[in-house]
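Observations on the model geometry
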Amino acid sequence: MKRVAIVGFGIAGSAAARLAPEGCTVVVFDAGILRCSSRVATGLVNPIVLKRRRAVWRAKEALEAAHRMYPAEFCSTEPIYEVLQTAAEVNDWGALRDHPVIGEFLGELVDAPEYVSGLKLGMVRGSFRLRIAAYLDWASQQFECSTEPVVQLRPLDSGAWLINERQEFDAVLLCEGYQARWVEHFWGDLGFARTLGQGLRIQGAAASSLMLHRSHFLVPDGEGIYQLGATYASGIEHGDLDPPAADKGHTLELVKSAASWFKGEIEVLDAWTGIRPTTKDRRPRWGWHPELKGLGMLNGLGSRGTLHAPLMASELWNSAKF
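Residues numbered from 1 in each chain as written. Predicted model: local features only at pLDDT ≥ 70, side-chain atom pairs only at ≥ 80, totals over all residues. Heavy atoms only, no water.

The element strand S2 (residues 24-29) is extensively covered by neighbouring structure, given that 5 of its 6 residues are classed as buried. Pairing analysis gives 6 bridges linking strand S1 (residues 2-7) to S2, with the strands arranged parallel. In the strand pairing of S2, alanine 5 is matched with valine 27. This β-α-β element, S1 to helix H1 (residues 11-18) to S2, shows right-handed connectivity. (Buried < 20%, exposed > 50% of the residue type's maximum accessible area, 1.4 Å probe, protein only. Helix = DSSP H or I, 4+ residues; strand = E, 2+ residues; numbered from the N terminus. Pairing = 2+ DSSP bridges. Right-handed = clockwise from strand over helix to strand, strands pointing away.)

Below is the structure:
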C-alpha cells in the first residue's frame, strides 16, 4: 500500500486527497491557517469570466469534474445570475447564447427583482456555490491530518521521501497555496503572481437567495446578510507573508460599486482579506517533477480553485508513475 503525503489542505489539497488512487494511504499536513484563500473564499464554481463575457479555460471539462466530486449537500441549488442594466446588455447576452463556446453556459433571461437596478438577470448554466469551509471540515475527517509544519523535505536513495526526518512516504504532493515554499524550492520560478482579495460581510435591505454579479459578486448568507468581494491587487512575487488588514479605501469602493445596482441601504458588518495563489498567465500548475520521483504539485488555481481543482487533481493522479 502506497503512503502519500499531501502538504496543504485547501481546495487543491482536498481534491488531491479525495481523488487519490484506491490503495493509497493519505496523510495530510496542513498548518490550519484560518485566513488561507480557501477558507475565506466564497466558493463559487463559475465557468464564465463575466466581466469579459468569455468562457474560463477548460470550462466544460472542469465543470463536469466539479459536479462529480463535490457532494450535493455542500452545494447550492441556485446558479449565479448576471445583472443586466441596459437594453444593449440584454441583447448582447441573447446574441452570445449562440456562441459556439460560451453559449452553452448562458442561460435564460429572467426579470430583475425589485431590489436590483437592472432590466434582466442572465443565468449562468451549471454554476453553483460550494460551502467551502463546511466541505473542507467534512473532507478532513476522512484522512489522518497533522498541523505539524513541514520544515524538512528530502528524497531518499530508495525513491521515497522523508518529512521532518521522521515520516517516510512513497510520494509527496505539494498543494501549499499562495506560500508555495516547497514548490518553488524544488521547481524554481513557476511564474506566481499572487493576488490580494478583500471581501465584505454586509447587511442589505432585501433578503434574497440569489447569487448576483455586476461589478463584483454578491452572495447571500441568509437573513439579508451577503458576502461582497473582489480581487484588488496583483503581482505579489513572494508567498512568505500574511494577508494585510482590510483596506478602508477598497471597502468604500466595494460598497459604492454595489450601491450602483443593489438597492437599499448597505451596512458593512465586517471585512476579510486573503491572498490567492494566482499565476502570471492565469494557468494552474500541476504535475510531477521531471527528475525527482514521487514529487508532485497542484497549485496556482487562483480565483477558479473550486472549478479547476477536481479536474487538475484527476489528471495529476492519472499521470502518476511512483
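Now for the pattern of salt bridges. One pass over the full model with this rule turns up 11 salt bridges. The partner of aspartate 221 in a salt bridge is arginine 129, with the nearest N and O atoms 2.9 Å apart. Placement of aspartate 221 in strand S17 (residues 217-222) and of arginine 129 in strand S9 (residues 128-129) is noted, with a sequence separation of 92 residues between them. Through salt bridges with shared partners, a single network forms among Arg58, Glu61 and Glu315. (Salt bridge = Lys/Arg side-chain N within 4 Å of Asp/Glu carboxyl O.)

All right, on to the pairing of strand S15 (residues 194-203) then. Buried residues dominate S15, accounting for 8 of its 10 residues. Relative to strand S19 (residues 267-276), S15 is paired through 9 bridges, and the arrangement is antiparallel. Within the sheet, the bridge partner assigned to glycine 199 lies in S19 and is tryptophan 272.

With 57 residues, the main nonpolar core has Ile6, Ile11, Tyr70, Tyr135, Leu173 and Leu298 as its most contacted residues. Per-element accounting of this core gives the leading share, 7 residues, to helix H8 (residues 305-318). Once residues lying within four places of it in the same chain are set aside, the contact partners of tyrosine 135 are Ile11, Ser14, Arg18, Met69, Tyr70, Pro71, Phe74 and Leu130. The next biggest cluster of nonpolar side chains, apart from the first, holds 21 residues, and it includes Tyr81, Ala230, Ala258 and Phe262. (Core = buried A, V, L, I, M, F, W, Y, C linked by side-chain atoms within 4.5 Å. Contact = heavy atoms within 4.5 Å.)

Applying the stated criterion to the full structure yields 14 aromatic pairs. Note on phenylalanine 74 and tryptophan 138: the rings are 5.5 Å apart at their centroids and 45 degrees apart in plane angle, and the pair reads as tilted. Residue phenylalanine 74 is found in the loop between helix H3 (59-69) and strand S6 (80-84), and its partner tryptophan 138 is found in helix H5 (residues 132-140); the two are separated by 64 residues along the sequence. Pairing tyrosine 226 with phenylalanine 262 gives two aromatic rings, centres 5.2 Å apart and planes at 75 degrees, and the pair type is edge-to-face. On the criterion of sequence distance, the pair formed by tyrosine 226 in strand S18 (residues 225-236) and phenylalanine 262 in the loop between helix H7 (248-259) and S19 is long-range, its members being 36 residues apart. Here the aromatic residues Tyr70, Phe74, Phe128, Tyr135 and Trp138 are joined through ring pairs into a cluster of three or more. (Phe/Tyr/Trp six-rings, centres within 6.5 Å; stacked < 30°, edge-to-face > 60°.)

Bringing the side chain of asparagine 46 into the picture now. Looking at the element boundaries, asparagine 46 is found in the loop between strand S3 (44-45) and strand S4 (48-49). Judged by relative accessible area, asparagine 46 falls into the buried class, the value being 3%. In this structure the side chain of asparagine 46 is engaged in a polar contact, spanning 2.8 Å, whose partner is the backbone oxygen of isoleucine 48. With residues up to four places along the chain from it excluded, the contact list for asparagine 46 reads Val56, Ile80, Val124, Ser127, Phe217, Arg304 and Leu307. (Polar contact = N/O pair within 3.5 Å; in protein donor to acceptor, adjacent residues only side chain to side chain.)

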